[in-house]
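Residue-level listing of the chains:
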Amino acid sequence: MDQVNELKEKGNTALNAEKFDEAVAAYTEAIALDSQNHVLFSNRSAAYAKAGKFAEALKDAEQTIALNPTWPKGYSRKGAAAAGLHDFMKAFEAYNEGLKYDPTNAILLQGRQEITASVLSYMQSQGDIPMDVDPQMPRARRAPSPPRRTNEPAKPAEPRVEDMSEDEKKKYFAKQEKELGNAAYKKKEFDVALKHYNAAIEHDPTDITFYNNIAAVYFERKEYEECIKQCEKGIEVGRENRSDFKLIAKSFARIGNTYRKMENYKQAKIYFEKAMSEHRTPEIKTSLSEMEAKIKEEERTAYINPEKAEEEKEQGNHYFKKGDYSNAVKHYSEAIKRNPDDPKLYSNRAACYTKLAAFDLGLKDCETCIKLDEKFIKGYIRKGKILQGMQQTSKASSAYQKALELDPNNAEAIEGYRQSSMNFQRNPQEVLKNAMSDPEIQQILKDPAMRMILEQMQNDPNAVKEHLQNPAIADKIMKLLESGIIQIH
């Protein structure tokens, strides 16, 4: 399932970047792994629709509905695909069917409203042509025209070009050129598309949409610098003519996507932020988050320096030998930032955490160390010692056993396994009895200062952190932990 989710996210990212073929490929691969996932078919339907492949989009939308008949989005996908095929009746029926399951769904309501308007406009322009039939096709499934009320005035005819004002003519011809450009763009005939979009600008240079469309062509042709210039020009025109803020946001977002393609993530972030300031959408927000993650990863990678890491490790070793475990942790942590793939650094820091009784942090470092190098025996031994300190003897035995699989003669692993096995088999009374027979343990417990410290730790568990700053006391506490006299959870 993790692979399916990764492929789905890959498809979503490609879709947001308007790389529709890549999105379709990612969703198709995910579907091959999980053919019962209705969301995958829905997403691929959206990708096909944006690519102008409405027949494929319709097929996927119908499969979405088959897998989850009560999911409203499946019907909105079907309506959009059917509308793209000019099968208005099927689109209208799809939106109505979806509204049965979610009567207040904004997308379905808007889709039904738009398809109704399209049908009325289409029928009027074609002289009562049925909504799901091309003018050249036989009139099968003809939808009856509603009777006109006698007291209802006839709608005025569409204005003729010769009756238009000069400004209206310019906008009319500009729109015609834009539609021709869109048709060529969908066919990937980019030179033809550019010709029509530039012609549209000649008719009406005040419409930001034409500049955005030209930028889209340059984006597809990977002419990124030219794409940015067109977007900037579009923004300038849009500001001058008070264009819809959504269109200006689209220009900023396209610049962001262009810089993303150029792997200039800091610039991409700036323009996605500008797009968000104009109009917030989930797609732009996702893109912005992705850029922030990319920048963070770039900074992390740029900080890596194995030579600096070695210097920090030596400093950590110096402080560890002095018993200054807190400062040792700081230097080992810096070394890890400088070289995060070196398992020895995590092992060394785990040793510090063990001395500081920060067992949870030490255990985490051991797990990371082992993950980086499964044959690094020191990682398993450190893990065993920490688990012993946490009185998890069974898990400690397993860690030592793993170390012995790598090196059957390792003295530390043999002794650790022996101790943890014995402690696991003995009852608490026996553990206490054996510990008390140890002269070193007896000496620690007779020390009045240690007795007072142990009493304080019992009343205030947080006091242990303060006492562990003293190396001499820390060593005595660790000896008591290993013997089973005390436990820290």
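Residues numbered from 1 in each chain as written. Predicted model: local features only at pLDDT ≥ 70, side-chain atom pairs only at ≥ 80, totals over all residues. Heavy atoms only, no water.

S.K.: It is not clear to me how the overall build of the protein chain should be interpreted in this structure. Could you clarify?
M.R.: Helix and strand counts for the protein chain come out as 26 helices and 0 strands. Of the contacts formed within the protein chain by residues at least 6 apart in sequence, a portion of 50% connects residues at least 24 apart. Surface accessibility of the protein chain: about 28,400 Å² in total, with carbon and sulfur atoms responsible for 50%. (Helix = DSSP H or I, 4+ residues; strand = E, 2+ residues; numbered from the N terminus. Contact = heavy atoms within 4.5 Å. Areas by Shrake-Rupley, 256 points an atom, 1.4 Å probe, with all protein chains shown as cover.)

S.K.: What am I meant to see in the UniProt feature "repeat: TPR" (unreviewed entry) in the protein chain here?
M.R.: Cross-referencing UniProt, the feature "repeat: TPR" (unreviewed entry) maps to residues 4-37, 72-105, 174-207, 249-282, 309-342 and 377-410 in the present numbering. Between the C-alpha atoms that bound residues 4-37 the distance is 10 Å, and the span itself is 79% helix and 0% strand. Within residues 249-282, the helical portion is 82% and the strand portion 0%, while the C-alpha atoms at the span's ends are 13 Å from each other. (UniProt positions renumbered as here; feature names shortened; annotations may be inferred.)

S.K.: Even after reading the chapter, I still don't get the nonpolar core, so can you show me in this structure?
M.R.: Note that soluble globular proteins tend to have their nonpolar side chains buried in a common cluster. Counting 39 residues, the largest nonpolar core has Met450, Ile477 and Leu480 as the members making the most contacts within it. Looking at this core, the elements that each hand over two or more residues are helix H16 (325-338), helix H17 (343-355), helix H18 (359-372), helix H19 (377-389), helix H20 (393-406), helix H23 (439-446), helix H24 (448-459) and helix H26 (471-483). Of the residues forming this core, the biggest block, 6 residues, is contributed by H26. Of all hydrophobic cores here, the second largest spans 37 residues; its members include Ala184, Cys227, Ile235 and Ile284. (Core = buried A, V, L, I, M, F, W, Y, C linked by side-chain atoms within 4.5 Å. Buried < 20%, exposed > 50% of the residue type's maximum accessible area, 1.4 Å probe, protein only.)

S.K.: Hey, could you run me through the pattern of salt bridges in this one?
M.R.: Pairs can form between side chains of opposite charge whenever their charged atoms are close. All told, the structure shown has 21 salt bridges when counted by the stated rule. A salt bridge links Arg221 to Asp191; its shortest N-O distance comes to 2.7 Å. Linking Arg221 in the loop between helix H10 (208-220) and helix H11 (224-240) with Asp191 in helix H9 (residues 190-203), this pair joins segments that are 30 residues apart in sequence. A relative accessible area of 29% places Arg221 in the partly exposed class. For Asp191, a relative accessible area of 59% puts it in the exposed group. The residue Glu415 makes a salt bridge to Arg418 at a minimum N-O spacing of 2.6 Å. (Salt bridge = Lys/Arg side-chain N within 4 Å of Asp/Glu carboxyl O.)

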